[in-house]
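A look at the structure
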Amino acid sequence: MNHHHAETVFINGYIFTADKHNQVCEAIAIADGYIIASGTNQEIKKYINENTQVNDLAGKTMMPGIIDSHLHPFWGGLQLSGCHLNYESLTIAQTLSRIQKHLDQDSFTDENDWLQVRAWLRQGMLPSGTDITRADLDTLSTRRPVILFSNDCHTLVANSRALTLFGLDENTPSPSDGKIGRNDDGSLNGILEDAPAMRAFDSIPGINDAQAQVIAKNVQTILNRQGVTTVMDARALPIQFDAFSQLKLQNQLTLRVFGAREITPDDASTLASVSAAVSRMAAFAEKYTDKQLSPKPGIAIKHTKFFVDGVLHKPIMTASLLSPYLDNQGNAAEPCYVESDRYGDLYYPNDILEHLVLEVSQAGFHPHMHTVAEGAIEVCLNAVEKMRQQLPNKDIRPAFVHNELAAPHQYQRFAQLNVIASLSFQWAGMPQALMDDDKSIIGETRFAELEPIAKFLDAGARIAFGSDWPIDPLNEWYDFKVAMTRKISQANAPRLDTDRNLTAIETLRAATIDAAYAIGYEDQLGSIEVGKFADLIILDRNPFQIAAEDIEQVNVLSTIVGGVPVI
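Here's what I pulled together on the structure shown here. (Residues numbered from 1 in each chain as written. Predicted model: local features only at pLDDT ≥ 70, side-chain atom pairs only at ≥ 80, totals over all residues. Heavy atoms only, no water.)

Comments concerning a negative patch on the surface
Rules: For patch detection, residues must exceed 30% relative accessible area and be free of salt bridges, and they are connected within 9 Å for like charges or within 5 Å for nonpolar side chains (Val, Leu, Ile, Met, Phe, Trp, Tyr). Per-residue and other accessible areas follow the Shrake-Rupley method at a 1.4 Å probe size, with only the shown protein chains counted as cover for residues. The salt bridge definition used is simple: a Lys or Arg side-chain nitrogen within 4 Å of an Asp or Glu carboxyl oxygen. Note that His is not counted, nor are the chain ends; the positive residues are Lys and Arg, and the negative ones are Asp and Glu. By convention, charge coordinates are those of NZ in Lys, CZ in Arg, CG in Asp, or CD in Glu. Here a strand is any run of E in DSSP of at least two residues, a helix any run of H or I of at least four, and the numbering for each starts at the N terminus.
Where like charges cluster on the molecular surface, the negative patch consists of Asp169, Glu170, Asp184 and Asp185. In this structure, aspartate 185 sits in the loop between β13 (178-182) and β14 (188-194).

As for the side chain of aspartate 309
Definition in use: Remark: exposure states derive from per-residue accessible area (1.4 Å probe, protein chains only) relative to the maximum for the residue type, with buried under 20%, exposed over 50%, and partly exposed in between. Polar contacts, as used here, are pairs of N or O atoms within 3.5 Å; protein pairs need one atom able to donate a hydrogen and one able to accept it. Residues neighboring in sequence count only if both atoms are side-chain atoms. Working rule for contacts: check all heavy atoms of both residues, and any pair within 4.5 Å makes them a contact.
By secondary structure assignment, the location of aspartate 309 is in the loop between β17 (299-307) and β18 (326-328). The charged side chain of aspartate 309 is buried without a salt bridge, its nearest counter-charge being lysine 305 at 10 Å. Here the side chain of aspartate 309 touches serine 320 through a polar contact of 3.0 Å, landing on its backbone nitrogen. Of note is the side chain of aspartate 309, whose polar atom sits 2.9 Å from the backbone nitrogen of valine 372. Contact partners of aspartate 309, with chain neighbours within four places excluded, come to His154, Thr318, Ala319, Ser320, Asp345, Tyr347, His370, Thr371, Val372, Ala373 and Ala376.

Considering the packing of helix α8 (residues 238-249) against helix α9 (residues 274-288)
Selection criterion: Axes here mean lines fitted to C-alpha atoms, for a helix over just the part in contact, with angles spanning 0 to 180 degrees between N-to-C directions. Relative orientations are named as follows: roughly parallel for angles under 35 degrees, roughly antiparallel for angles over 145 degrees, roughly perpendicular for angles from 65 to 115 degrees, and oblique for any other angle. Each crossing is labelled by how the near helix is turned from the far one, with a counterclockwise turn of less than a right angle marking it left-handed and a clockwise turn marking it right-handed.
Following both chains from N to C, one finds α8 and α9 inclined at 20 degrees, their axes separated by 11 Å at the closest point. As summarised for this structure, α8 and α9 are arranged roughly parallel, according to the angle between their axes. Where α8 crosses over α9, the two elements pack in a sense that is left-handed. Counting all contacts with α8, which are made through Pro238, Phe241, Asp242 and Ser245, the residues of α9 involved are Phe284, Lys287 and Tyr288.

Considerations on the pattern of salt bridges
Pairing of side chains with opposite charge becomes possible as their charged atoms draw close. Counting across every chain of the model gives 28 salt bridges. One salt bridge connects glutamate 193 with arginine 122, and the closest N-O pair in it is separated by 3.0 Å. Pair noted here: glutamate 193 is in strand β14 and arginine 122 is in the loop between β10 (115-120) and α4 (134-137), with a separation of 71 residues, a long-range link. Judged by relative accessible area, which is 6%, glutamate 193 ranks as buried. The partner of glutamate 529 in a salt bridge is lysine 532, and the shortest N-O contact between them spans 3.6 Å. Note on glutamate 529: relative accessible area 30%, which makes it partly exposed. Among the ionic contacts, a cluster of salt bridges with common partners joins Arg122, Asp131 and Glu193.

Remarks on the environment of phenylalanine 244
Tracing the backbone shows phenylalanine 244 in helix α8. Through-space distance from the C-alpha of phenylalanine 244 to that of glutamate 43 is 39 Å; in sequence the pair is 201 residues apart. Excluding residues within four positions of it along the chain, phenylalanine 244 makes contact with Ala216, Val219, Leu253, Val257 and Ile299.

Focus on the sheet that holds strand β25 (residues 556-561)
Going by this rule: Here, a strand pair is defined by DSSP locating no fewer than two bridges between the strands.
Across the sheet, six strands lie side by side as β3-β2-β7-β24-β25-β26; this open sheet has mixed pairing. Two strands close off the open sheet at either side, each with one partner strand: β3 (24-25) and β26 (564-565).

Here we look at helix α11 (residues 374-390)
Defined as follows: To estimate the expected span of a helix, count its residues, drop one, and scale the result by 1.5 Å.
Over its 17 residues, α11 extends 24 Å from the first C-alpha to the last, a length consistent with the 24 Å expected when each residue adds 1.5 Å. Taken together, the buried residues of α11 touch α10 (350-362), β20 (366-373), β21 (399-405), α12 (410-416) and α13 (432-447).

Some words on the environment of proline 473
Assignment of secondary structure puts proline 473 in the loop between β23 (463-465) and α15 (476-485). According to the relative accessible area criterion, proline 473 is partly exposed, its value standing at 45%. Between the C-alpha atoms of proline 473 and alanine 119, which are 354 residues apart in sequence, the distance is 8.7 Å.

Description of the sheet that holds strand β16 (residues 256-262)
Here we have eight strands laid out as an open sheet, ordered β8-β15-β16-β17-β20-β21-β22-β23, and parallel in their pairing. Two strands bound the open sheet, and with one partner strand each, they are β8 (66-71) and β23. Across this sheet, the average inter-strand angle for adjacent strands is 30 degrees, counted without regard to direction. Summarising the sheet, β16 and β17 pair through six bridges and their orientation is parallel. In the strand pairing of β17, valine 257 is matched with isoleucine 299. Contacts from α9 reach β16 and β17, with the element oriented near 150 degrees to β17. Against the sheet, α15 contacts β8, β15 (228-233) and β23, and its axis sits at roughly 85 degrees relative to β8.

In structure tokens form, the structure reads like this:
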């Protein structure tokens, strides 16, 4: 690049660059979608001519666009339509009442029209420990197939009609990568957990291509409004990548869309099948990946997704632990928690997981691994260590996602092995009841390592922010507030005292330059530096100069992608 004059300049701002020195400047110049200069107002003047658009920030804050390095954007868009329980804690009766009200008002009435009930908070069912089942859903006044899909996407509850259409009955064998719930007599109770839930959900007849494009267009607008300029879709499927590809062809894409293509335990059930699974994944990535990244928003799949374990919280408790979950051998009034024989689940045999990590890395893909708890973290660290030994000079960026419960020795291993901790910051904000529940099943000692964030940084590891939407509501600036306070937004909310608070700089670097590193594009994205794409946001207040509790009130005034305002 050799630009003598800018198309656009911004002056009189508080511009946080997120460069290696966290410099703040007052002006920048942009041409052809690139940042061509930064510095003082006086220094930027030489890039201005009669054709330059000069924008006066009048003291407002500008920073790099948010990079959300782990979420499910298309699922989020789908969830915004249909029956939505809004992540609320409800009784069975309240849940059924909400669903019946939607059924009674729904324009879809055919007995073959599926009803997907989303944003269902299984762990929040009232009273605590309650589960809704097939028998409950069968009381609804409908012949339609009905499913509840939990907010964490790890539980699906189906009515009898849906189970039939899924092809599941009492003769269905128990899977190795999750659970098909049964009553005492062996009949199905309608509850599917982990991979069986995902397989069932994926088999539901989908929307058409035109509808998918509408959803994709809506999704990018919703994300742009929160200041998001780049996403990493953590479960890439044809439907959403076809839709985003069409938007790109129509010059309507306003979001950089990266993705991780999943290889399931079924895809690679034996060592002999690993290479074929990796080849299929690579062919999928080749179909959707732009040959070269440019300031104009594009698409790429550079990651491979592995669901290694499940969910930590009651009642699922499928996250893998190094020592057993605790079980109440007493009662609610007089609890007596003792070690059970339950360690949670690991969905890949170790030898296959190690082989998969090595082969996808050899193929140039970054492993993106769902590791909720210490047991899964340990086996994945071991797999990465073996990969590093065999590929010592290859630039591979493994990311472990969630890491809700780590063991003290593991933080330093993240740093030593250059493993990124991909974290949903909002999970460090917990109501007291959930804290108490978690403490009861893992004990005081392990509870002290719950929802670590700064512990990774303090050990020398890198963290990257990922909202995991729609597992939680999309609210990026609330998520940042939780990282800096470890509290939910509620009067007298308890603080999760298992780690220190992040600073504003640590928080926003994790959502900009460090997230760019995690997805492998830190040379083009994530900071305001000469030669990088002009992905920028303008804020209504300065997050570095207000109380941490107030950061969730930040509003994005403008979002710019590749030098073009999209909001």
